[in-house]
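# Residue-level structure breakdown
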Amino acid sequence: MATVAQSIDNNGLNSLENVFQAFVDNLGDKILILTIFDFMTFIWIQASKQEMMALRLPTPPFVVTTSAFHIRKRRRPPPPPVPVTAVKLQCFGGVDSWENFYDCHQNKQFFKDRHYLHKDWGQYFSNGNIILLEAGCGAGNTIFPLANKYPQLHIHACDFSHHAITLVKSHPNFLKDQINAFVCNIAEENLCDHIMPASVDIVTLVFTLSALSPEKMPIVIQNLGLVLKPGGHVLFRDYAIGDYAQLMLMNKNQVLSENFYFRGDGTCSFYFSEGLLRELFERAGFIVVDVNTYNREIINRARNITMQRRWIRAVFRR
Ligand SMILES: C[S@@+](CC[C@H](N)C(=O)[O-])C[C@H]1O[C@@H](n2cnc3c(N)ncnc32)[C@H](O)[C@@H]1O
């Protein structure tokens, strides 16, 4: 009777195949008992029925004859995800991660103002006294360029990070008559506790929805709908599936769920498809005005890499 215990590593599959084939070729009237402990480690025993009975072998998970070989030929499963405990899962993307993030990057040079937004959406900001809500305003990189370009805008800006709101309020261009900055968790608090219901013309959602877990997205969109005027718009810009950063997170196995990843600093990012985005807003009663995916190749000569950056820009009407 022959017994072999084998642990397969990534490079050992071919040699294992040969060993296995040799066993199968020499089976004769013997049978092969294959016991798989996990997908990488297993033991097989080549024994006749008499030998098995003499040894009082327990019924193994697999008793197979030469057809055992197909077990080996199954597609290798993908690498297991990094073990994430339920406790940790709750922490990813939570307020503590973002507080740490803004604490570590107090230096405002880290944040780059988004000077391109008026080119994309200028038509929505230039119609007289517009009331805007920037949901998840961070350090204010969306609101300050807009406030500067459209002084007649009245801006509500909220974030669940106290540090972020402090950064906004201490910004040299912060005007308290123009900007109402406040702490609010848009996935847990009713925005109407901070802003009059149906009073806002435009909500900007710029790289914020991706920071939330997919289960929370419908709640957030409903919440935004409560403060938007009928006919008001959500202006959306965020990561699209296939973005360079997604591929990096995928390679590092930092997956939480489909298209949802955690970063090293505990913050999260989701990568949207046009279809899912439409569905999320349509289910919340919005009308899709426009959804488009953009692609730009960025070359980092210092690091000698080419990055495909992908993002979605969309407009929804309430
Ligand atoms: C990538 S930053 C985007 C900041 C800003 N919109 C911009 O254009 O630069 C995402 C922001 O969403 C905030 N955020 C994440 N989850 C939130 C929640 N549940 N409620 C409020 N803000 C949240 C984070 O604190 C962070 O400031």
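Please refer to the structure higher up on the page.
Below, the structure is looked at part by part. Every value quoted in this text rests on a predicted model; they were computed, and no experiment measured them.

Turning to the overall build of the chain, a few remarks are in order. Counting its secondary structure elements, the chain contains 11 helices and 14 strands. Counting only residues that meet the buried cut, the chain has 28% of its 318 residues in that class. Here the analysis covers contacts within the chain between residues at least 6 apart in sequence; of these, 72% occur between residues at least 24 apart.

For the rest of this paragraph, the subject is the packing of helix α5 (residues 95-104) against helix α8 (residues 162-169). Packing of α5 against α8 leaves a shortest axis separation of 7 Å and a crossing angle of 40°. Taken as axis vectors, α5 and α8 run oblique relative to one another. Here W98, E99, Y102 and D103 of α5 come into contact with α8, specifically with H162, H163, A164 and L167.

So, on to the packing of helix α9 (residues 217-227) against helix α11 (residues 274-283). At a minimum axis distance of 9 Å, the contact between α9 and α11 shows a crossing angle of 50°. What the angle tells us is that α9 and α11 run oblique. The two elements α9 and α11 cross, and the hand of that crossing is right-handed. Counted together, M217, P218 and I221 of α9 and L280, F281 and R283 of α11 form the full contact between these two elements. Of the residues in the contact of α9 with α11, the class split is five nonpolar, no polar and one charged.

Summarising the sheet, strand β6 (residues 154-159) and strand β7 (residues 179-183) pair through five bridges and their orientation is parallel. Bridge pairing in β7 links I155 to I179. With respect to chirality, the unit in which β6 leads through α8 into the neighbouring parallel β7 is right-handed.

All right, on to unusual backbone geometry then. Even without being glycine, F207 reaches a positive phi, approximately 55°. For F207, the position within the fold is in the loop between β8 (200-206) and α9. Residue F207 is classed as partly exposed on the basis of its C-beta count, with 17 C-beta atoms lying within 10 Å. Positive phi outside glycine occurs at N253, with the angle close to 60°. Of note, N253 is situated in the loop between α10 (244-251) and β10 (255-257).

This brings us to the sheet that holds strand β12 (residues 268-270). As summarised here, the arrangement of the three strands in space is β10-β11-β12, forming an open sheet in which the pairing is antiparallel. A single partner strand is all that each edge strand has here, and the edge strands are β10 and β12. Ignoring strand direction, the axes of neighbouring strands in this sheet form an average angle of 30°. Pairing analysis gives three bridges linking strand β11 (residues 260-262) to β12, with the strands arranged antiparallel. Following the sheet pairing, Y261 is matched in β12 by S269.

Basis of the calculations
- Residues numbered from 1 in each chain as written.
- Predicted model: local features only at pLDDT ≥ 70, side-chain atom pairs only at ≥ 80, totals over all residues.
- Helix = DSSP H or I, 4+ residues; strand = E, 2+ residues; numbered from the N terminus.
- Buried ≥ 20, exposed ≤ 12 C-beta atoms within 10 Å, placed from the backbone.
- Contact = placed C-beta atoms within 7 Å.
- Axes fitted to C-alpha atoms, helices over the stretch in contact; angles between N-to-C directions.
- Parallel < 35°, antiparallel > 145°, perpendicular 65-115°, else oblique.
- Left-handed = near helix turned anticlockwise from the far one by under 90°.
- Nonpolar A, V, L, I, M, F, W, Y, C, P; charged D, E, K, R; others polar.
- Pairing = 2+ DSSP bridges.
- Right-handed = clockwise from strand over helix to strand, strands pointing away.

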